[in-house]
Each structure stands twice: as structure tokens, then as C-alpha cells.
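Now for the letters of each chain:
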Amino acid sequence: MTTFVELLLGGLSMGSVYALIALGFVVIFKATEVVNFAHASLLLAGGYVTAVLHDDLGFWPALAVGIAGAAVVGSAVEYTVMRRYRGSDHSVLAIVTIGVDILLTTELTRRIGTDVLALGDPWGDKLLTIGDITIAQTRVAAFVAAALLITAFLLAFRFTTWGVAMRAAAENPQTAALMGVRLGRVSLSAWAVAGSLAAVAALFLTVFPTPGLERATSLAALKAFPAAILGGLDSTTGALAGGLIVGVTESFATGYQSDLTFLGRGFGDLAPYLVMVVVLLIRPAGLFGTKELARV
């Protein structure tokens, strides 16, 4: 029972981090109806800036710069690349984001090389013990931080003028433009928000028990992609639910790997994608997605 609870808590913690990444996918999709395959490079950029600067600035200032840096990179991609293709077919725009991801990821992995970069987090390898249950403090911090950020985003999305503009642009961009909503500004802010969320997620993907930021860290964004898809690419609530489902599924599949040897090694990495396929067979638009949604 103790193992079950530890795996559940760990899964919820990582699921909340996946939800942050999935929320970035959803925000950009709602603003532009484009699936952003460059999201992994935004995550890697935010983590890299934090890792490089934490010795000189300290952890919290470096993290703030890393979040701002990822937001700037996202905004720059939207302004210099995506805006030039506005009006193009959405499948073309998705392919453009793949090219952007290859470019940014190649440059960042070239800079990282074979090193494993620490981000200088204050939690280290400390553990929190409650009764017979032990969990890393980084996992608790990840869950709390993700919960606060997701709550703040949902409140802003619901009650601020930015949120109203975002929802109007997602509902009917032509009508929103006629009503004075600046679609370019909405798209730019969506890329900036997605980059910021990815930078925070990069922190919690690279702290204990993982060794640090490395070339393969960007692949973690691929685990959040099933979360966005099975939750529904046009649903912010779906991003949260999808992230938690993926996190818990991966945690249990990995934790009980010894009892699932007949499925082969590494089943924990496959499990989220398997869940995604099963959900899409039942609900093609995802758990909370709109049925009329056009897929790329």
C-alpha cells in the first residue's frame, strides 16, 4: 500500500508538470489553431538559461531570467517566423514549427554537448517523510508550483481582458478581429505564455531524482503531447486532466515494471501513448475537446 501511495503522489507531481507543458500546447492552439511542435525547444531554452546563470545570479534570479528568456524566444518565433505564414494552411504552419524546433534544439544541444547541467535548485536531494511514505521535496515543490501557475492561468483566462481576447480569437477569429481584438497580439502573448510555462516545467524535469539538464531533456515534452491530445487540444481543462492521467499512468507502469515483465522493458515510456490511443478511439476529439475541432 505504501508503494502504491508513493507512486500515486509521484505520478500526480509529474503529471502536474506535464500539464504545464500541455497547457502551452493548448494556449498556442487556441490562439492560432496550430499544433506547436517547437514546444520542446522552448522548454530546453528556458532550462538552459537557468542552468547557465544560476552560479552568477543565484537560483531564483536565474529562474526568472530563464522564464523571461523562454517567453522572449517564443515571442521571437511567433513574430519573425509564424506571423509571416499567417493565413497559410494549418498543416503548413505545423510543419514550419517542426523546422523551428530542429533549428533551436540543434543549437541548444550543440551548446550543452555531453554535459549534464545542474539548475542550482534549493531542494537538492532532500526527502519528505510522512509515516511510511517518502517523497522527494522536489516532487512536492513541482506539484505546488504547477497548481499555483495553472490556477493563476485559468483565472486570468476567465476574468482578464487578455483571457477574453484569447477566448474570442479561439471562438471566431474573423469576428474577434472585427470587434477590435488584435489577433497578432493575442498570438504573440500565447507564444510568450507557452514559453514561460515550458521554462518552469524544465526546472522540475531536471531536478532530483533526475541528474540535470541534458541534450535529451527536450524529449520530455513529447510525454506532454499525449496529455494535450487525450485531454483535447482546444481545452485548458483537458490539459490539466491529460497531464495528470499521463503522469499517474507512467508512474504506475514504471513502478510496477517488475510485475509487467511480459510486456517488455520500458513499458512506462510507452504507457502514456497507449492510453492516448485508447482514449482517441473512444473520443476522437479527446476527453474535453470540441467534436468539430479540425485536426492537423
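Check the entry above for the structure.
Residues numbered from 1 in each chain as written. Predicted model: local features only at pLDDT ≥ 70, side-chain atom pairs only at ≥ 80, totals over all residues. Heavy atoms only, no water.

Colleague: Would you explain the pattern of salt bridges in this entry?
Modeller: Where charged atoms of side chains with opposite charge meet at close range, the side chains can pair. Scanning the model with the defined rule gives three salt bridges in all. A salt bridge links E78 to R83; its shortest N-O distance comes to 3.0 Å. Exposure remark for E78: the relative accessible area of 1% places this residue in the buried category. With relative accessibility at 26%, the residue R83 sits in the partly exposed group. In this structure, E107 and R111 form a salt bridge, with 2.8 Å as the shortest nitrogen-oxygen distance. In this pair, E107 and R111 both sit in helix α4 (residues 90–112), four residues apart, roughly one turn of the helix. (Salt bridge = Lys/Arg side-chain N within 4 Å of Asp/Glu carboxyl O. Buried < 20%, exposed > 50% of the residue type's maximum accessible area, 1.4 Å probe, protein only. Helix = DSSP H or I, 4+ residues; strand = E, 2+ residues; numbered from the N terminus.)

Colleague: Just checking my understanding: could you explain the nonpolar core for this structure?
Modeller: Within soluble globular proteins, side chains that are nonpolar generally end up buried alongside one another. The biggest cluster of nonpolar side chains holds 72 residues, and the ones touching the most others in it are I21, L203, F204 and L205. Looking at this core, the element that brings in the most residues is helix α1 (residues 2–32), giving 14 residues. (Core = buried A, V, L, I, M, F, W, Y, C linked by side-chain atoms within 4.5 Å.)

Colleague: Help me understand the packing of aromatic side chains in this model?
Modeller: Centre-to-centre distance and the angle between the planes together describe a pair of aromatic rings. Summed over the entire model, instances satisfying the criterion amount to eleven aromatic pairs. Relative to F252, the ring of F4 has its centre 5.1 Å away and its plane inclined at 20°; by these criteria the two rings are stacked. One end of the pair, F4, is in helix α1; the other, F252, is in helix α10 (residues 236–255), with 248 residues separating them in the sequence. Owing to a relative accessible area of 36%, F4 belongs among the partly exposed residues under this scheme. With a centroid separation of 5.4 Å and 65° between ring planes, the pair formed by F25 and F225 is classed as edge-to-face. Linking F25 in helix α1 with F225 in helix α9 (residues 220–231), this pair joins segments that are 200 residues apart in sequence. The rings of F59, W60, W123 and F204 are connected pair by pair, giving a single aromatic cluster. (Phe/Tyr/Trp six-rings, centres within 6.5 Å; stacked < 30°, edge-to-face > 60°.)

Colleague: Explanation requested: the packing of helix α2 (residues 39–57) against helix α8 (residues 183–206) in the structure shown.
Modeller: For any two helices packed against each other, the geometry comes down to the angle between their axes and how far apart the axes lie. One way to put it is that α2 packs onto α8 with a least axis distance of 7 Å and a crossing angle of 60°. With respect to α8, the axis of α2 lies oblique. For the pair α2 and α8, the sense of crossing is right-handed. Here H39, L42, L43, G46 and G47 of α2 lie close against α8, whose contacting residues are W191, A194, G195, A198, A199, A201, A202 and L205. When its residues are assigned to classes, the contact of α2 with α8 shows nine nonpolar, four polar and no charged. (Axes fitted to C-alpha atoms, helices over the stretch in contact; angles between N-to-C directions. Parallel < 35°, antiparallel > 145°, perpendicular 65-115°, else oblique. Left-handed = near helix turned anticlockwise from the far one by under 90°. Contact = heavy atoms within 4.5 Å. Nonpolar A, V, L, I, M, F, W, Y, C, P; charged D, E, K, R; others polar.)

By themselves, these are just geometric observations and shouldn't be taken as functional.
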